[in-house]
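Analysis of the macromolecular model
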Amino acid sequence: MTLIKSISGIRGTIGGNPGDNLTPLDAVKFASAYGKWIKTASGKERPLVVIGRDARISGAMIQALVQNTLVGMGCDVIDLGLSTTPTVEIAVPQENADGGIILTASHNPKEWNALKLLNNKGEFLDGVEGQKILDTAAAEDFAYAEVDDLGQVTAITDYIDKHIVEVLKLPLVQVDAIKAGKFKVVVDGVNSTGGIAIPALCKALGVEVVELYCDPTGHFPHNPEPLKEHLGDLCAAVTEHKADFGITVDPDVDRLAFITDKGEMFGEEYTLVACADYVLSKKKGDTVSNLSSSRALRDVTVKHGGNYHAAAVGEVNVVTKMKAVKAVIGGEGNGGIIYPDSHYGRDALVGVALFLSLLTEKKMKVSDLRDSYPSYFMGKKKVQLTPGMPVDAILKDVEKKYASEDLTTIDGVKIDFENEWVHLRKSNTEPIIRIYTESGSQQAADQLADRFIAELEGIAQQHG
């Protein structure tokens, strides 16, 4: 099965059979269900929906299907064309729209695409609303508009430029100081819309840009997830061009990673740490990340006199927690920066601008900046279980065993030891338990993961 339905939308591979892959029929069905939901949620006969897409090859086809389905449902559409996830998110409230759809499979390879669904705030739907759309799609419980009630499409082609203007207007973005800094960066846009947005933002800030894979063809030159093993070309280009640092994003530009002046990974987990360090130095408050993110954010938050809070994995959960504690910045350890003064969504453009502002104040090389933060190392492993194994009962046994430790159970089981932690989560799609660990060295993080693999396998045998 390569069609995955969840409360945040639907994603799958292009081609194949309806119901098994993301086929035209599936795109139409889910767009129809969203059209019905948005009419009910807005109370309008003629709601307005913003649509944008990343540059992947299937994007134009999927957009035509989704857009015209909404027209057939009696919805008006604003077509942003090639866009980014955060650009669509800011466009929804700016255009007084009732919702939005982003056509992107984020960091998945080129054969994937997806419909990500937004509400009238430009934020991802919560579980209750998302489930309504899944149920409507499954039942095919929708009716289309009559000919005089069809919607209309309006194209707005410059929303990335509008997004950049909004970023430059943020009070903490030090535009003049960045321009005076005369930075030079290499940008890997993975041949998607980051190749449009990030160089344009940098140039607006007076930063010299060396473009690498910035042609939005949708033919990704490497695996599009911004991890160390995929970024050899960018690391080499930074040192070759004697750049101050490198920037890379995923295809829809909501994840951000940096390369140091030495051509080494700054660390995806440390994107949020650095941006939070800057924001907290200007604005006292709390931070939020998910349970599988680095402890370094907590350390930096405490250093600035704030409180750190953990949320369940998933952007919507992080946003909910951020609103509850009035966090000044938050996000996810995968390079996702959520800055409420802009909007409640992961935004690589905001992250780049905050990071450049930090560098103007620190006046240090990016490699030295990285060395100034607490150094943690993460392990990510998994335990394969026999189908039918009682995963919840196994995790409950772990919880009992470590009841005297600092436990969090809002999303699986996380155990915070004095100098390291382990987070155990069950997969929603396969019989496995994911194991995330963090410690003071890679060896210690891996050893902690191996220890819990053995413990889980032992507990599983008792349930066998």
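Please refer to the structure placed before this passage.
Keep in mind it's a predicted model, so treat the numbers as computed, not measured.

So, how was this worked out
Residues numbered from 1 in each chain as written. Predicted model: local features only at pLDDT ≥ 70, side-chain atom pairs only at ≥ 80, totals over all residues. Heavy atoms only, no water. 1 Å grid on protein atoms, 1.4 Å probe; cavity = no way out; pocket = protein on both sides within 12 Å on 5 of 7 lines; lining within 4 Å. Points joined across faces, edges and corners; volume = space filled by probe spheres on them. Helix = DSSP H or I, 4+ residues; strand = E, 2+ residues; numbered from the N terminus. Pairing = 2+ DSSP bridges. Axes fitted to C-alpha atoms, helices over the stretch in contact; angles between N-to-C directions. Contact = heavy atoms within 4.5 Å. Salt bridge = Lys/Arg side-chain N within 4 Å of Asp/Glu carboxyl O. Buried < 20%, exposed > 50% of the residue type's maximum accessible area, 1.4 Å probe, protein only. Arc of directions from axis to C-beta. Nonpolar A, V, L, I, M, F, W, Y, C, P; charged D, E, K, R; others polar. Patch = residues over 30% accessible without salt bridge, like charges linked within 9 Å, V, L, I, M, F, W, Y side chains within 5 Å. Areas by Shrake-Rupley, 256 points an atom, 1.4 Å probe, with all protein chains shown as cover. Lys, Arg positive; Asp, Glu negative; His and termini not counted. Charge placed at Lys NZ, Arg CZ, Asp CG, Glu CD. Phe/Tyr/Trp six-rings, centres within 6.5 Å; stacked < 30°, edge-to-face > 60°.

1. Regarding the layout of surface pockets
As a volume, the second largest pocket reaches approximately 310 Å³. Around the second largest pocket, the lining comprises 18 residues; the ones closest to its centre are N119, E123, F124, L125 and D126. Of the residues forming the lining of the second largest pocket, the biggest block, 5 residues, is contributed by helix α11 (residues 315–325).

2. Remarks on the sheet that holds strand β2 (residues 9–13)
The pairing of strands in a sheet happens through backbone hydrogen bonds and is either parallel or antiparallel. Read across the sheet, 7 strands follow the order β1-β2-β6-β5-β3-β4-β7 without closing on themselves; strand pairing throughout is mixed. The sheet is open, and its two borders are formed by β1 (3–6) and β7 (153–155), each paired with just one other strand. Strand-to-strand twist in this sheet, taken as the mean axis angle between neighbours without regard to direction, amounts to 15°. Summarising the sheet, strand β3 (residues 48–53) and strand β4 (residues 76–82) pair through 6 bridges and their orientation is parallel. Looking across to β4, one finds that V50 is bridged to I78. This element, helix α3 (residues 85–94), spans β3, β4, β5 (99–103) and β6 (112–118) of the sheet and lies at about 170° to β5.

3. Focus: the pattern of salt bridges
Under the definition given, this model contains 27 salt bridges. With a shortest N-O distance of 3.8 Å, E140 and K29 are connected by a salt bridge. A residue pair is termed long-range when its members are at least 10 positions apart, and E140 in the loop between α4 (127–139) and β7 and K29 in helix α1 (residues 24–42) qualify at 111 residues. The shortest N-O distance in the salt bridge between K44 and D98 comes to 2.9 Å. In this pair, K44 sits in the loop between α1 and β3 while D98 sits in the loop between α3 and β5, placing the two residues 54 residues apart along the sequence. Classification of K44 by relative accessible area gives partly exposed; the value is 37%. Taken together, the shared-partner salt bridges in this structure form one network comprising D254, E315, E332 and R346.

4. Some points on α11
Taken as a whole, α11 has its buried residues at E315, V318, V319 and M322. Buried residues along α11 cover an arc of 100° about the axis, so they all sit on one side. Across from the buried face of α11, at angles greater than 90 degrees, the exposed residues are T320 and A324. Two residues or fewer after α11 comes K326, characterised by a positive phi angle close to 55°.

5. As for the sheet that holds strand β11 (residues 256–259)
Taken together, 4 strands build an open sheet; the order of strands is β9-β8-β10-β11 and the sheet is mixed. The sheet terminates laterally at β9 (208–212) and β11, the two strands that pair on one side only. Strand-to-strand twist in this sheet, taken as the mean axis angle between neighbours without regard to direction, amounts to 25°. Here strand β8 (residues 184–188) pairs with β9 via 5 bridges, running parallel. Each bridged residue has a counterpart across the sheet, and for V185 the counterpart in β9 is V209. Across the sheet, helix α7 (residues 194–204) lies against β8, β9 and β10 (245–249), angled at about 165° from β9, the strand it touches most.

6. Some details on empty space enclosed by the protein
It is a probe the size of a water molecule, rolled over the atoms, that shows where empty space is left. By the definition in use, this model includes 1 cavity of 30 Å³ or more. For the largest cavity, the calculated volume is near 50 Å³. Residue lining of the largest cavity: S6, I7, G9, I10, F30, L115, L117, G130, I133 and L134, and that is the complete set. Secondary structure elements with two or more residues in the lining of the largest cavity: β2, β6 and α4. Considering each element in turn, the lining of the largest cavity owes the most residues, 3 residues, to α4. Tallied by class, residues from the lining of the largest cavity come to 7 nonpolar, 3 polar and no charged.

7. Digging into a negative patch on the surface
A surface patch of negative charge is lined by E45, E146, D148 and D149. Along the polypeptide, E146 turns up in the loop between α4 and β7.

8. Quick word on the packing of aromatic side chains
When we look at a pair of aromatic rings, we describe it by the centre distance and by the angle of the planes. Per the stated rule, a full pass over the model turns up 10 aromatic pairs. Each ring, one from F266 and one from F355, has its centre 5.5 Å from the other, and the planes form 75°; the classification is edge-to-face. Residue F266 is located in the loop between β11 and α9 (268–282), and its partner F355 is located in helix α12 (residues 348–362); the two are separated by 89 residues in the primary sequence. Neither F266 nor F355 differs from the other in exposure class; each is buried. Seen from their ring centres, Y402 and F417 are 6.0 Å apart, and the 80° between their planes marks the pair as edge-to-face. Separated by 15 residues along the polypeptide, Y402 in the loop between α14 (391–401) and β17 (406–408) and F417 in the loop between β18 (413–416) and β19 (421–426) bring together distant segments of the chain.

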